[in-house]
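What follows is the residue order along each chain.
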Amino acid sequence: MSWMRRTICQTSAWQEKRTDWKADRDAFVADQKAVRKTGKLPEHLGPPPSGFALLPWLLMGMGAFSNLFQGKTPNPWIGGIGLLVFNSLYIHVVFRAFTKEAREARSTRGALLALGIVTCLLGGLYGGSWLLFFPLLGLAAGAIVRGRWLGKTGLGLSALAGVVAGLRDGWGAVNVAYGTFLSTMVTAAILSLSDAVRELRAAREELARQAVEKERLRFSRDLHDLLGHTLSVIVVKSEAARRLAPRDMDAALVQVSDIESVGRQALTEIREAVTGYREGSLAADLDRARSALLAAGVEPVVRQSGPPLAAQTEVLLGWVVREAVTNVVRHSGAGRCEITVDGSAEHVRLRVTDDGRGAAPPAAPESPVSDIGGTGIGGTGLKGLTERLAAAGGLLEAGPGARSGFTVVAELPVDPAERVGVPELSAGRR
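My aim in this report is to walk through the structure given alongside it, one point at a time. Keep in mind that this is a model prediction, so the values were computed, not measured.

The rules behind the values
- Residues numbered from 1 in each chain as written.
- Predicted model: local features only at pLDDT ≥ 70, side-chain atom pairs only at ≥ 80, totals over all residues.
- Heavy atoms only, no water.
- Helix = DSSP H or I, 4+ residues; strand = E, 2+ residues; numbered from the N terminus.
- Buried < 20%, exposed > 50% of the residue type's maximum accessible area, 1.4 Å probe, protein only.
- Contact = heavy atoms within 4.5 Å.
- Expected span 1.5 Å × (residues − 1).
- Core = buried A, V, L, I, M, F, W, Y, C linked by side-chain atoms within 4.5 Å.
- Phe/Tyr/Trp six-rings, centres within 6.5 Å; stacked < 30°, edge-to-face > 60°.
- Pairing = 2+ DSSP bridges.
- Axes fitted to C-alpha atoms, helices over the stretch in contact; angles between N-to-C directions.
- Salt bridge = Lys/Arg side-chain N within 4 Å of Asp/Glu carboxyl O.
- Parallel < 35°, antiparallel > 145°, perpendicular 65-115°, else oblique.
- Left-handed = near helix turned anticlockwise from the far one by under 90°.
- Nonpolar A, V, L, I, M, F, W, Y, C, P; charged D, E, K, R; others polar.
- Patch = residues over 30% accessible without salt bridge, like charges linked within 9 Å, V, L, I, M, F, W, Y side chains within 5 Å.
- Areas by Shrake-Rupley, 256 points an atom, 1.4 Å probe, with all protein chains shown as cover.

With that settled, consider the overall build of the chain. Secondary structure summary: the chain contains 12 helices and seven strands in total. Out of the 430 residues in the chain, the part that is buried amounts to 38%. Expressed as a percentage of contacts within the chain between residues at least 6 apart in sequence, the contacts between residues at least 24 apart total 68%.

Now for helix 10 (residues 282–295). Three or four residues apart is the spacing at which side chains of an α-helix point the same way, because the helix has 3.6 residues per turn. Between the first and last C-alpha of helix 10 there are 20 Å, a value that for 14 residues agrees with the 20 Å anticipated at 1.5 Å per step. Buried within helix 10 we find Leu-282, Asp-285, Leu-286, Ala-289, Ala-292, Leu-293 and Ala-295. Where helix 10 ends, the next residue or the one after it, Gly-297, has phi of about 80°, a positive value.

A few words now on the nonpolar core. Residues Phe-86, Tyr-90, Leu-112, Leu-115, Phe-133 and Phe-134 are the most contacted members of the largest nonpolar core, which totals 38 residues. Mapped onto this core, the elements with two or more residues apiece are helix 2 (62–69), helix 3 (76–95), helix 5 (106–126), helix 6 (133–144), helix 7 (150–169) and helix 8 (173–244). Looking at which element gives the most residues to this core, the answer is helix 6, with nine residues. Filtering out sequence-adjacent residues up to four positions away, Phe-134 remains in contact with Thr-119, Cys-120, Leu-160, Ala-161, Val-164, Val-176 and Thr-180.

So, on to the packing of aromatic side chains. Tallied over the full model, the rule gives five aromatic pairs. The interplanar angle of 90° and the centroid separation of 5.0 Å between the aromatic rings of Phe-52 and Phe-95 together place this pair among those described as edge-to-face. On the criterion of sequence distance, the pair formed by Phe-52 in the loop between helix 1 (2–38) and helix 2 and Phe-95 in helix 3 is long-range, its members being 43 residues apart. Taking relative accessible area as the criterion, Phe-95 reaches 6% and is therefore assigned buried.

A separate point is the sheet that holds strand 2 (residues 336–343). The sheet built from five strands is open, its strands ordered 1-2-3-7-6 with mixed pairing. The sheet is open, and its two edges are formed by strand 1 (299–305) and strand 6 (395–400), each paired on a single side. The sheet shows a mean angle of 10° between the axes of neighbouring strands, direction not considered. The pairing of strand 2 with strand 3 (residues 347–354) spans seven bridges and is antiparallel. Residue pairing in the sheet places Cys-337 in a bridge with Asp-354 of strand 3. Seen against the sheet, helix 10 touches strand 1 and strand 2 and runs at an angle of roughly 165° to strand 1. Contacting strand 2, strand 3, strand 6 and strand 7 (406–413), helix 11 (residues 311–332) runs over the sheet at an angle of about 10° to strand 3.

Turning our eyes to something else, we now look at the pattern of salt bridges. Counted under the stated rule, the structure contains 11 salt bridges. Notably, a salt bridge pairs Arg-209 with Glu-213, separated by 2.4 Å at the nearest N-O pair. Taken together, the residues Arg-209 and Glu-213, both in helix 8 and four residues apart, mark about one turn of the helix. For Arg-209, a relative accessible area of 37% gives the class partly exposed.

On to the packing of helix 3 against helix 6, then. The N-to-C vectors of helix 3 and helix 6 enclose an angle of 25°; their axes lie 9 Å apart at closest approach. Taken together, the axes of helix 3 and helix 6 are roughly parallel relative to one another. Considering how the two elements wind past one another, helix 3 and helix 6 form a crossing that is left-handed. Across the interface between the two elements, Leu-83, Phe-86, Tyr-90, Val-93 and Val-94 of helix 3 pack against Phe-133, Leu-136, Leu-139, Ala-140 and Ile-144 of helix 6. For the contact of helix 3 with helix 6, the per-class residue count stands at 10 nonpolar, no polar and no charged.

Turning our eyes to something else, we now look at a nonpolar patch on the surface. Together, Leu-59, Met-62, Phe-65 and Phe-69 give the surface a local cluster of nonpolar side chains, amounting to about 480 Å² of exposed area. You can see Leu-59 is positioned in the loop between helix 1 and helix 2.

Okay, here's the thing in structure tokens:
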């Protein structure tokens, strides 16, 4: 019963392949109709090649079947059994030729070898139209054999077909040998080209998918850096306004006015980030950082020296200031924060230090952002900043300070082609 079960399974697999092939064919036809209407290149390549594409070639054996049916073939029982075995082996081989694992399986190569033996026996025994089984053998071999063995296989089958046909048909063996070689090489070339086209299409789709994921990651980092800092400032100023309202309404109104200004600025920046053309100003970020630190009760000390910076450099350093000050306000418990920007003709260095309680333990030791004093820092914002600066040729270091608190250091090279006067790149593009 096991052979019946295998036969049923094989039949079911063929039916599923035929159903998939028909579905792909219908999609291809619909795509072609759309192409004729719109003129755009088709996105659907049509149904992938399968064993059904090679089945019609079995009609080449109709001459042998006709001779057998008309009683022109001696020993018809041998011929009938041989024809049945040949067709069965051919169908088995060509349907396994379109899956790489099945094509390279030892059983498939054994079936191809058996097909060759049956072809030689039938062609050598009967000759005539039975010799047309050699081109069919070439089709099956071309579907199975790829790569460096293809040429040797094609020449070997052609020589074998020529010898057998020469013994039975004289000079007609030239046509049989040529047909065998042509069917082997053309089949292999067409199927290899089809596989290459589909692999290239799949690679293009994968690259497009990765590009979309990369852009989503970039945009999520932008939103984190924008909203994380802005919302932290709004929360701090709201708390300050609540504390000041009972005893100094004017000071509380100043804080509320600042909240309104920060909110409006955040809306503007989000709109610009969505369109991909956000322009940053390091001076504006330093002013907002000073305001946020004062509202949180932290004494700000801001120093900036060196030549004017390129717009892209200011954007990157502005991200660092935002993230570092947000962490100081939310987590450090510091009383003093120093922000220092030192620039030169070769590089610019930003340093943010505080006297707070220091860094929290890292959430994941295996994913540090940097290593200062042996302590890894793995915050989401710092990870994003590290990737941004690394893409620009810079670096970011974050860790406990020499005595207390926390220190963030960012360094960026200054490319002469990117100095003031050169057109600015948008913040979201690298």
